[in-house]
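Coordinate analysis (summary)
Each chain, written out:
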Amino acid sequence: MANDILQINDLHKSFEGYVVISGISLSVRDGELSAIIGPNGAGKTTLFNLITGYHLPSGGSIVFQGKEIAGMQPFDIVRFGIARAFQRTNIFPRLTVLDNIVATNITHQKRNLKMFAPLKKMKSMYDKAYEVLESVGLKEMALQTSGTLAHGNQKRLDIAVALALEPKLLLLDEPTAGMSPEERWQIVELIQKLWKELNITMVFIEHDMDVVFKIAEKVRVLSYGVMLAEGTPEEISKNKKVIEAYLGEEI
Ligand SMILES: Nc1ncnc2c1ncn2[C@@H]1O[C@H](COP(=O)(O)OP(=O)(O)OP(=O)(O)O)[C@@H](O)[C@H]1O
Ligand SMILES: [Mg+2]
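Residues numbered from 1 in each chain as written. Chains lettered and ligands numbered in written order. Predicted model: local features only at pLDDT ≥ 70, side-chain atom pairs only at ≥ 80, totals over all residues. Heavy atoms only, no water.

Counted according to the given criterion, the structure contains one aromatic pair. On the numbers, 5.8 Å between centres and 80 degrees between planes, the contact of Tyr 54 with Phe 86 is edge-to-face. Note that Tyr 54 is positioned in the loop between α1 (44–51) and β4 (59–64) and Phe 86 in the loop between β6 (82–85) and α3 (97–108), a separation of 32 residues in sequence. Tyr 54 sits in the partly exposed class, given a relative accessible area of 45%. Looking at Phe 86, the relative accessible area reads 18%, which means it is buried. (Phe/Tyr/Trp six-rings, centres within 6.5 Å; stacked < 30°, edge-to-face > 60°. Helix = DSSP H or I, 4+ residues; strand = E, 2+ residues; numbered from the N terminus. Buried < 20%, exposed > 50% of the residue type's maximum accessible area, 1.4 Å probe, protein only.)

Below, the structure written as structure tokens:
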């Protein structure tokens, strides 16, 4: 449909004959905040890897804003406007928080840190980096070495790195993994705040059902590489197939 930002059709992925994604089709509405849930090994991260060009699909199509992106290189896909934060954080631990963002800006804008880079340009890059850090609540820690940040703040930085790429679609792979309950709710609030402020489309993978049902407008359930169900949190929590897949666990 015209207001879908992403359309996936009959997507397949096998690793040397081992089928991981088996004919997934889905459409993400522009501006939507949605979740993907599913048991371990369901293929959730692989789906993100296919959308972002980290893996080549074995078949099917991925259309982003009307363009076929299946099979493109990750850096081209980033340039079209898709960024992601990783299940395991993807930061440079020896760089400062600020320099992690600046390094991303530089690569994104294809500028090298030349000795004689115009000062004005460098300044605007640092200004932008501070803005992004402020939006995720890390401005005060800008000059700290990233590797020394608490786990929750490393996750925030990972989100900031993705935001520095100015995405239209942001994919978050388990943004609350390994967090204390307090940290978890702070990140949930952050995700909601960013979604509202930046007016972007977000898809997040999440195991915590409380988180999913609190913020997702739409939930998609993956199981063994197929889409088991999709709907509003309420519809999903009553869906028989979903309840069976979770072996009667309370959803
Ligand atoms: N590069 C790869 N080579 C071979 N097998 C892979 C590769 N990447 C993923 N797999 C397999 O694909 C399946 C799905 O993995 P994936 O990481 O997508 O699951 P997931 O749903 O994200 O699980 P989790 O909730 O544990 O993060 C797993 O069985 C995994 O071992
Ligand atoms: Mg995963």
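Text resumes after the structure shown.
To continue, consider the site of ligand 1. Of all residues adjacent to ligand 1, which total 15 residues, the nearest are Gly 41, Lys 44, Thr 45, Thr 46 and Gln 87. Here Gly 43 contributes a backbone N or O atom positioned 3.0 Å from an oxygen atom of ligand 1. If ligand 1 stood free it would expose 640 Å²; the protein chains cover 65% of that surface. At the level of secondary structure, the elements contributing two or more residues to the shell around ligand 1 comprise β2 (18–29) and α1. Ranked by residues supplied to the shell around ligand 1, first place goes to α1 with three residues. (Near = heavy atom within 4 Å. Polar contact = N/O pair within 3.5 Å; in protein donor to acceptor, adjacent residues only side chain to side chain. Areas by Shrake-Rupley, 256 points an atom, 1.4 Å probe, with all protein chains shown as cover.)

The next thing to look at is the domain arrangement of the chain. Reports often express the size of an interface as the amount of accessible area lost when the parts come together. Per the domain assignment, the segments making up the chain are domain 1 (1–81 + 168–181 + 202–251) and domain 2 (91–166). One C-alpha centre belongs to domain 1, the other to domain 2, and the line joining them spans 28 Å. Residue-level contacts link eleven residues of domain 1 with ten residues of domain 2. For the pair domain 1 and domain 2, the summed buried area comes to about 720 Å², and 69% of that belongs to carbon and sulfur atoms. For the pair domain 1 and domain 2, the interface holds zero salt bridges. Viewed at the interface, domain 2 and domain 1 are joined by two residue pairs in polar contact (both at pLDDT 80 or more). Mapped onto the side of domain 1 that touches domain 2, the elements with two or more residues apiece are α2 (74–80) and β7 (169–173). (Domains from an automatic or database assignment. Contact = heavy atoms within 4.5 Å. Buried area = accessible area lost by both parts, 1.4 Å probe. Salt bridge = Lys/Arg side-chain N within 4 Å of Asp/Glu carboxyl O.)

Turning next to α1. Here α1 lies mainly inside the structure; seven of its eight residues are buried. Of all the positions in α1, only Lys 44, Thr 46, Leu 47, Phe 48, Asn 49, Leu 50 and Ile 51 are classed as buried.

A separate point is the nonpolar core. In terms of nonpolar packing, the biggest core is built from 51 residues, with Ile 101, Leu 133, Leu 157, Met 202 and Phe 204 touching the most fellow members. Built from parts of two domains, this core gets at least three residues from each of domain 1 (1–81 + 168–181 + 202–251) and domain 2 (91–166). Core analysis: the second largest hydrophobic core is formed by 25 residues, Ile 36, Leu 47, Ile 62 and Leu 169 among them. (Core = buried A, V, L, I, M, F, W, Y, C linked by side-chain atoms within 4.5 Å.)

Here the focus is the packing of α3 against helix α5 (residues 151–163). The contact between α3 and α5 brings their axes to 9 Å, and the two run at 25 degrees. Taken as axis vectors, α3 and α5 run roughly parallel relative to one another. At the point where α3 passes α5, the crossing takes the right-handed sense. Contact with α3, carried on its side by Val 97, Asn 100, Ile 101 and Thr 104, involves Leu 157, Ala 160 and Val 161 of α5 and no other residues of that element. Of the residues in the contact of α3 with α5, the class split is five nonpolar, two polar and no charged. (Axes fitted to C-alpha atoms, helices over the stretch in contact; angles between N-to-C directions. Parallel < 35°, antiparallel > 145°, perpendicular 65-115°, else oblique. Left-handed = near helix turned anticlockwise from the far one by under 90°. Nonpolar A, V, L, I, M, F, W, Y, C, P; charged D, E, K, R; others polar.)

Next up on the list: the pairing of β6. The side-chain alternation of β6 yields two buried faces, one formed by Ile 82 and Arg 84 and the other by Ala 83 and Ala 85. In this sheet, β7 lies alongside β6 in parallel orientation, the contact comprising four bridges. If you follow Ala 83 over to β7, its bridge partner there is Leu 170. (Pairing = 2+ DSSP bridges.)

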